[in-house]
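What follows is each chain in one-letter form.
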Amino acid sequence: MNRAGTIALTALAPISWGSTYAVTTEFLPPDRPLFTGLMRALPAGLVLLAIARTLPRGVWWGKAAVLGALNIGAFFPLLFLSAYRLPGGMAAVFGSLGPLWVAGLAVLLLSEKPTVRTLLTGIAAALGVSLVVLRATAALDTIGVLAALASSASMAAGTVLTKRWGRPEGVGPLVMTGWQLTAGGLLIAPVAFLVEGAPPALDGRAVAGYLYLALVNTAVAYWLWFRGIGRLTATSVTFLGPLSPLTAAVIGWAALGETLTPVQLVGMAIAFGATLLGQMKVSRPPRSPRPSRSFSSPKGNDRKHSMDLTSGAVRR
């Protein structure tokens, strides 16, 4: 597949994440963000493990745990905490700083020197998202701000390390996604039960919502995301992130009766333009990550098979 096709498929992940807010508010029990994160991650991870029937070996037990913690296990709870403590979609604004986090971490871990254009594009993306999701009544909360910054940094670190470590030989993105979702879900589980108690009663509407989040919004979306990280630069992938709050805004307007002001429309144009600019190559094409070590999957299954809540804004 050519680079444009890879970008388009990877973009489906943040577009899918942009639907999470609407699904959560319209289908799921209220005030259960950690349980929702658990239901997104762990069932999806177990399904992918059952399909692939491949477990980590050697150092990859530790690497899968680290990546699962950064991309899922720490990211979800921190994002939910910030979303509940920061009004007006402010958590999405801090989340839009992801390209800048990645640019900085890529210098240390990938030896990728950020260009001036990359930095300016990252600032433009954050500005555009701010215009889309911020409200005049938004107020800062110290814990919420720290949680939002930590969630953004966690996802950025997971993205860069996923690029740096690559994956074992013979292991495809589907298997890597299953490892990370399972590890992240297992980390969320004790926190969810400790903070929120026993699971809520679920009706058919809630079950349908959780099925969508687990299968489409998480299993498929994260598979596309990790697949894209393996084929594109980390910076290019993270610049697709603003598509999530933009999608949430469009769904809110089209399906939930929310209005879009002229300022929001300008912000959407800026953020979308930054997303497109972030996909432009500035040097040689990115190299595929080298396999870290030989890894044989049983029965060749890996050859068959080559989240986020804010106040009306974004969940990933």
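All of these numbers come straight from a predicted model, not from anything done at the bench.

Rules and cut-offs
- Residues numbered from 1 in each chain as written.
- Predicted model: local features only at pLDDT ≥ 70, side-chain atom pairs only at ≥ 80, totals over all residues.
- Heavy atoms only, no water.
- Axes fitted to C-alpha atoms, helices over the stretch in contact; angles between N-to-C directions.
- Helix = DSSP H or I, 4+ residues; strand = E, 2+ residues; numbered from the N terminus.
- Left-handed = near helix turned anticlockwise from the far one by under 90°.
- Expected span 1.5 Å × (residues − 1).
- Buried < 20%, exposed > 50% of the residue type's maximum accessible area, 1.4 Å probe, protein only.
- Parallel < 35°, antiparallel > 145°, perpendicular 65-115°, else oblique.
- Contact = heavy atoms within 4.5 Å.
- Salt bridge = Lys/Arg side-chain N within 4 Å of Asp/Glu carboxyl O.
- Phe/Tyr/Trp six-rings, centres within 6.5 Å; stacked < 30°, edge-to-face > 60°.
- Core = buried A, V, L, I, M, F, W, Y, C linked by side-chain atoms within 4.5 Å.
- Patch = residues over 30% accessible without salt bridge, like charges linked within 9 Å, V, L, I, M, F, W, Y side chains within 5 Å.
- Areas by Shrake-Rupley, 256 points an atom, 1.4 Å probe, with all protein chains shown as cover.
- pLDDT = per-residue confidence, 0-100.

Undergrad: Honestly, the packing of helix α3 (residues 33–52) against helix α10 (residues 173–196) in this entry has me stumped. Any pointers?
TA: A packed helix pair is summarised by two numbers, namely the angle formed by the two axes and the spacing between the axes. Where α3 contacts α10, the axes come no closer than 7 Å and their chain directions differ by 150 degrees. In terms of crossing hand, the pair formed by α3 and α10 is left-handed.

Undergrad: Which parts of the structure should I look at to understand α3?
TA: Think of an α-helix as 3.6 residues a turn; residues three or four steps apart then line up on the same face. With 20 residues, α3 should reach 28 Å at 1.5 Å per residue; the first-to-last C-alpha distance of 29 Å fits that figure. Within α3, 14 of the 20 residues are buried, which leaves the element mostly enclosed by the surrounding structure. Positive phi shows up at Arg 53, right after α3, with a value of about 50 degrees.

Undergrad: Sorry if this is basic, but what is going on with the packing of α10 against helix α11 (residues 204–231) here?
TA: Viewed as axis vectors pointing N to C, α10 and α11 meet at an angle of 120 degrees, and their least axial separation amounts to 9 Å. By the angle between their directions, the pair α10 and α11 is classed as oblique. The hand of the α10/α11 crossing is right-handed. Taken together, the residues of α11 that come into contact with α10 (itself represented by Pro 173, Leu 174, Thr 177, Gln 180 and Leu 181) are Thr 218, Ala 219, Tyr 222, Trp 223, Phe 226 and Arg 227.

Undergrad: Any chance you could explain helix α8 (residues 116–133) here in plain terms?
TA: Look at α8: 26 Å from first C-alpha to last across 18 residues, which is about the 26 Å you get at 1.5 Å a residue. Those residues of α8 not exposed but buried are Thr 118, Thr 121, Gly 122, Ala 125, Ala 126, Gly 128, Val 129, Ser 130, Val 132 and Val 133.

Undergrad: Whenever I open this one, the pattern of salt bridges confuses me. Can you help?
TA: Note on pairing: side chains with opposite charge can pair once their charged atoms come close. Overall, the coordinates contain 1 salt bridge when judged by the stated rule. With its nearest N and O atoms 3.4 Å apart, the salt bridge here joins Arg 32 to Glu 196. Placement of the pair is Arg 32 in the loop between α2 (20–27) and α3 and Glu 196 in helix α10, with a sequence separation of 164 residues. The class for Arg 32 is buried, based on a relative accessible area of 14%. For Glu 196, a relative accessible area of 19% corresponds to the buried category.

Undergrad: When you look at the packing of aromatic side chains in this model, what are you seeing that I'm missing?
TA: Any two aromatic rings considered together are summarised by their centre-to-centre distance and by the angle between their planes. All chains considered together, the criterion is met by 6 aromatic pairs. Taking the centre distance of 4.9 Å and the plane angle of 45 degrees together, the rings of Trp 17 and Tyr 222 count as tilted. Here the residue Trp 17 occupies a position in helix α1 (residues 3–17), and Tyr 222 occupies one in helix α11, the gap between them amounting to 205 residues. Here Trp 17 falls in the buried class, since its relative accessible area comes to 0%.

Undergrad: Sorry if this is basic, but what is going on with the environment of Phe 226 here?
TA: Structurally, Phe 226 can be placed in helix α11. Judged by its relative accessible area of 4%, Phe 226 is buried. Excluding residues that lie within four positions of it along the chain, Phe 226 makes contacts with Asn 71, Thr 162, Thr 177 and Gln 180.

Undergrad: What is the right way to read the nonpolar core from this model?
TA: The nonpolar side chains of a soluble globular protein tend to be buried, and buried together. Trp 17, Ile 72, Phe 76, Tyr 222 and Trp 225 are the most contacted members of the largest nonpolar core, which totals 31 residues. At the level of elements, α1, α3, α5 (75–85), α10 and α11 are the ones that each hand at least two residues to this core. Counting 11 residues, the second-largest nonpolar core is a separate cluster that includes Leu 49, Leu 67, Val 175 and Met 176.

Undergrad: Would you take a moment to explain the environment of Ala 221 for this structure?
TA: Checked against the element boundaries, Ala 221 lands in helix α11. Since its relative accessible area comes to 1%, Ala 221 is described here as buried. With 210 residues separating them in the primary sequence, Ala 221 and Ala 11 have C-alpha atoms 9.2 Å apart. When near neighbours in sequence (up to four residues on either side) are disregarded, Ala 221 contacts Ala 13, Ser 16, Trp 17 and Val 216.

Undergrad: Got a minute to help me understand a nonpolar patch on the surface in this structure?
TA: A surface patch of nonpolar side chains, amounting to about 530 Å² of accessible area, comprises Val 47, Ile 51, Leu 202, Val 207, Leu 211, Leu 215 and Val 216. Looking at the nonpolar patch, the elements that each hand over two or more residues are α3 and α11. Here the element with the most residues in the nonpolar patch is α11; it accounts for 4 residues. Following the sequence through the fold, Leu 202 ends up in the loop between α10 and α11.

Undergrad: Which parts of the structure should I look at to understand the confidence of the model for the protein?
TA: Predicted coordinates in areas of low pLDDT are best not read in detail. Counting all residues, the mean pLDDT for the protein is 84, and 86% of those residues have values of 70 or more. Confidence drops under pLDDT 50 across residues 294–315; counting only partners more than four residues distant or on other chains, this segment forms 85 contacts.

Undergrad: Help me understand unusual backbone geometry in this model?
TA: With glycine set apart, most residues show a phi of negative sign, and most peptide bonds adopt trans. With a phi angle near 60 degrees, Asp 31 is a residue other than glycine that sits in the positive phi range. Residue class for Asp 31 comes out exposed when judged on its relative accessible area of 57%. One non-glycine residue, Arg 53, adopts positive backbone phi at about 50 degrees. Along the chain, Arg 53 falls in the loop between α3 and α4 (60–73). With a relative accessible area of 45%, Arg 53 lands in the partly exposed category.

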